[in-house]
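Coordinate inspection notes
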Amino acid sequence: MSPELVYALAGVGLCGIGVSGFLLLSHLLRRLLAFNLIGSGTFLVLVGLAQHRGVPDPVPQALVLTGIVVAIAATALAVVLIRRYFHLTGRTSLAEDGDGRS
Amino acid sequence: MWRGLQVLLTLAACASLTGVLAAAVLSAAGSPPPSKLAEQLAASLGRSGVENPVTAVLLNFRSYDTLLEIGVLVIAAMAGISLARTRSLEDPELRSADTLLHALLRWFIPLMLLLAAYLLWAGGDRPGGAFQAGAVLAATGVLMRLGGLPMDFVRPGLLLRLGLVLGFAVFLLVAIAGAMAGEAFLAYPPGTAGGLILAIEVVLTLSIGMILLALFVAAPVINEHEPEEGTGS
Amino acid sequence: MNQLLMAGLLFTPLAWAALCLLLDFRRGCWLSWLGMLIQVLVSLSLWFAVASSGGFFYALAGWEAPLGIALRVDGLAVTFVLLTAAVATACGLHAGVYLDARKPWQRYFWPLFWFLWAGLNGVWLGADVFNLYVGLELISLAAVGLVALGGEAAALRAALRYLFAALLGSLAYLLGVALLYGRFGTLSLAGIDGLLEGRDPAAAVAVMLMLAGLALKTALFPLHGWLPPAHGIAKSPVSALLSGLVVKASFYIAARLWLELGDRLGSQLLAQGIGMLGAAAVVWGSWLAFRQTHLKQVVAYSSVAQIGYLFLLFPLSYAVAEPVSLLAQQGITLQVISHALAKAAMFLAAGNLILSVRSNRVDALGGVSHFLPFSLFSFGLAGVSLMGLPPTGGFAAKWLLLQASLASGQWWWVAVLLLGGVLAAAYVFRIYRATFAEDSDSDDFFHPPKSMEAIPMILALLALGLGLVAEPVLSVLALPFEVPVDVAAVAVQP
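For every chain, the first residue of the written sequence is number 1, and numbering continues from 1 along that sequence. Written order decides the labels, with chains lettered from A and ligands numbered from 1. The model is predicted, so local features are restricted to residues of pLDDT at least 70 and side-chain atom pairs to those at 80 or more, both for listing and for counting; the totals for chains, interfaces and linings are taken over all residues.

**Observations concerning the interface of chain C and chain A**
For interface size, the figure often reported is the accessible area lost on association. Contacts between chain C and chain A engage 26 residues on the former and 30 residues on the latter. Going through the elements one at a time, α5 (129–148) and α6 (153–184) of chain C are the ones with two or more residues in the side of chain C that touches chain A. Counting from the N terminus, the helices are the DSSP runs of H or I reaching at least four residues and the strands are the DSSP runs of E reaching at least two. Per-element tally for the side of chain C that touches chain A: the top contributor is α6(C), with 17 residues. Gly is put with the polar residues, along with every residue not named as nonpolar or charged; the nonpolar set is Ala, Val, Leu, Ile, Met, Phe, Trp, Tyr, Cys and Pro, and the charged set is Asp, Glu, Lys and Arg. For the side of chain C that touches chain A, the class distribution of residues is 20 nonpolar, two polar and four charged. Residues are scored as being in contact if the C-beta atoms we place from backbone atoms lie within 7 Å.

Written as structure tokens, this is what we have:
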């Protein structure tokens, strides 16, 4: 088992933790952080799995760069929405009708 | 108790999901080597205009992804400016009172700007490039904001919108220039790839820095409001 | 010629987005009329070009796949590009009149609109799994931005729910892409198709992840919770765009994946299971639409129901004979087109009705049948297409799906199709009953401008006439398509 494969499996673990956090938590910022965990886990799988034979491959590295930028944009949009929502209502979760899922 | 059962079920489901994913990863790793993409890439690197293969992939081979991704950034920035309804930039409560940071800024800012320029230049043949440099530029702006320096250039107005869209617009113009010259969309005319990539990266750095900074810095209060359709006046 | 058309198609929405960002709402509106005209002309020309000479791969930046990104310009793709041009133009024209130009945030409407259009075109033409991810993100963020534009707390709640659902779906899809690249070393869908042989656990998990993420983004039952608030609360032209086009983008990718890779990676259990979820969506969505008290929520839940029909593609194209699968694909294509036209017409007409009675409740619509018959008629025509009565496109689609169900021996979908039509009639007639009610003496109706009433009527007439022109539209799908040399080279392993 090469080191890169360990990264990939760690990424899988992060995804699992992120998904459980997203489903179980109700505070909006924490759910956003859970998303970022899932995103980081996915990027780890992308670079780890593709390069597990030890040969550096620029394509997944470029894909991860793109993915990070897209994740930043989405996270920033979510943060702005959450900030304005909090400013208008004083609430930090969507759980008005009791469900924590999307 | 019902909640505890729910939590347990969710955790069990996530654990099994993790197990399935791990099995998939191991199965994919155990399979025979995939297609010969890496060799094709190494063979074409010379014609791409840069020596760093990641930059070549980002700004030449898969430049359409990069173009759309800049679009995504611009969307987030637009949504940020249009929604932000927090206190004004000039609100004294939001300005930092950290005089140490304010004093250190006169050392930090030139160094960070130099670092951003280095990262941009280095992207040609070693790790670096527009995104990294843009992120450092944005971090510089954030430090300035935290240190209490006035930042008029991020006040929403024509100048800010121009800064946001400049990188994207230049990239798009280069893309259509290639098509006008008879090649495909986003293709660089032969021999000009290196210079065009550098030009695109420079404006991209400025734009990305501005976008990330605009997302961080609050915009002035918008006092207007629009009721939901069919309710109110 | 094809090169120029493709470049124009890709360049125009992005360029207009950049330009409109620098202008305010009014000037952006005038500029956008020009842009919409250009896009419609380019889309039409491209459709005719493909209809006459067949499809082709378009290598972006001059690099062929798998090194670069290739766009797949086939009959299905250009049909949807044309559909997007029609529906987006209608919604854009309606929005130019409907939205309040004086609000300071309205200037961001046009850039978001054009980015949404660019993303949609990118998805229809996409053949590279990672490029499709970036296109999906472009669409999702633009859509969330449009939902939240200038909104109050309720709109922000809906936008946040939408954003979380969209992000979760995108990340599931991206994880699938990561597994596919790790397994096959190529991001081109055609390349993966060439390398895949029989059952492959990593690829199966990857495709199931991607399908799950895309189902969440398409609001398939039971993952539909985010759709009614978002589509109900957005401004009417935005709701029309979202229900008509945006939810179809993720479905399109799911359909492409299933049609190319599903025969080796799918299973009868999975196919029938997805079909069952679609059937449940039809019944549950229609039932909830019947019980809503707000007009736009009725239309939004109707979207949930109609989306259920789309997922009948999965059982009807798995392990069936080739002609039956083709019937199912044609039926689903017609269903997508007719639903896009009809739902956009419905939302735009609903916006006119709400503007007229100054309330968004169903029971406040009393008396509007006298005053705003034109918009009400468009609403009804669109409803006829949703019910699936001849000669509408909805009928033609259902007819093809019925034939496919019977020909493949899966007669239980016939019940779903017929029941869905009856339930759609129920909630459409409920709206009509409310408009004919004469319980209030108030004469206080606001009359929207004629142009705003004409647009949903045109869309509804298009949906009506779609059944009549279905033949030439569908013939484009069966056109020959070139196979590029490099795909064959990738598939041949030493």
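**Focus: the confidence of the model for chain A**
Low-confidence regions, as indicated by low pLDDT, have predicted coordinates that should not be scrutinised in detail. Residue and element names in this part refer to chain A. Scored from 0 to 100, pLDDT reflects the predictor's confidence in each residue. With 92% of its residues at a pLDDT of at least 70, chain A reaches an overall mean of 87. Within chain A, no element has a lower average pLDDT than helix α3 (residues 58–89), which sits at 90, and none a higher one than helix α2 (residues 28–50), at 94. Within the model, pLDDT remains below 50 along residues 97–102, and this stretch shows 12 contacts once partners closer than five positions in the same chain are excluded.

**Describing the interface of chain C and chain B**
Between chain C and chain B, the residue contacts involve 64 residues of the former and 53 residues of the latter. Going through the elements one at a time, α1 (2–21), β1 (56–59), α4 (109–125), α5, α6, α7 (189–195) and α8 (201–217) of chain C are the ones with two or more residues in the side of chain C that touches chain B. A per-class count over the side of chain C that touches chain B returns 42 nonpolar, 15 polar and seven charged.

**Topic: the environment of Ala18(C)**
Mapping Ala18(C) onto the fold places it in helix α1. For the pair Ala18(C) and Phe115(C), spaced 97 residues apart in sequence, the C-alpha to C-alpha distance is 9.0 Å.

**Brief notes about helix α12 (residues 295–310) of chain C**
Expected helix span is taken as 1.5 Å per residue step, with the number of steps being one fewer than the number of residues. Here α12(C) spans 24 Å end to end across 16 residues, near enough to the 22 Å set by a 1.5 Å rise per residue. With C-beta atoms placed from the backbone, a residue counts as buried when 20 or more other C-beta atoms lie within 10 Å of its own, as exposed when 12 or fewer do, and as partly exposed for counts between those limits. The element α12(C) is extensively covered by neighbouring structure, given that 16 of its 16 residues are classed as buried.

**Section: the pairing of strand β2 (residues 70–73) of chain C**
Residue and element names in this part refer to chain C. What you see with β2 is no split at all: Ala70 and Arg72 on one side and Leu71 and Val73 on the other are buried throughout. Pairing between strands is defined by DSSP: at least two bridges between them are needed. As paired strands, β1 and β2 are joined by four bridges and run antiparallel to one another. In the strand pairing of β2, tyrosine 58 is matched with leucine 71.

**Details of helix α3 (residues 75–98) of chain C**
Taking 1.5 Å as the rise per residue, α3(C) with 24 residues should run 34 Å; its terminal C-alpha atoms sit 34 Å apart, in good agreement. Burial analysis of α3(C) places 23 of its 24 residues in the buried class, the great majority of the element.

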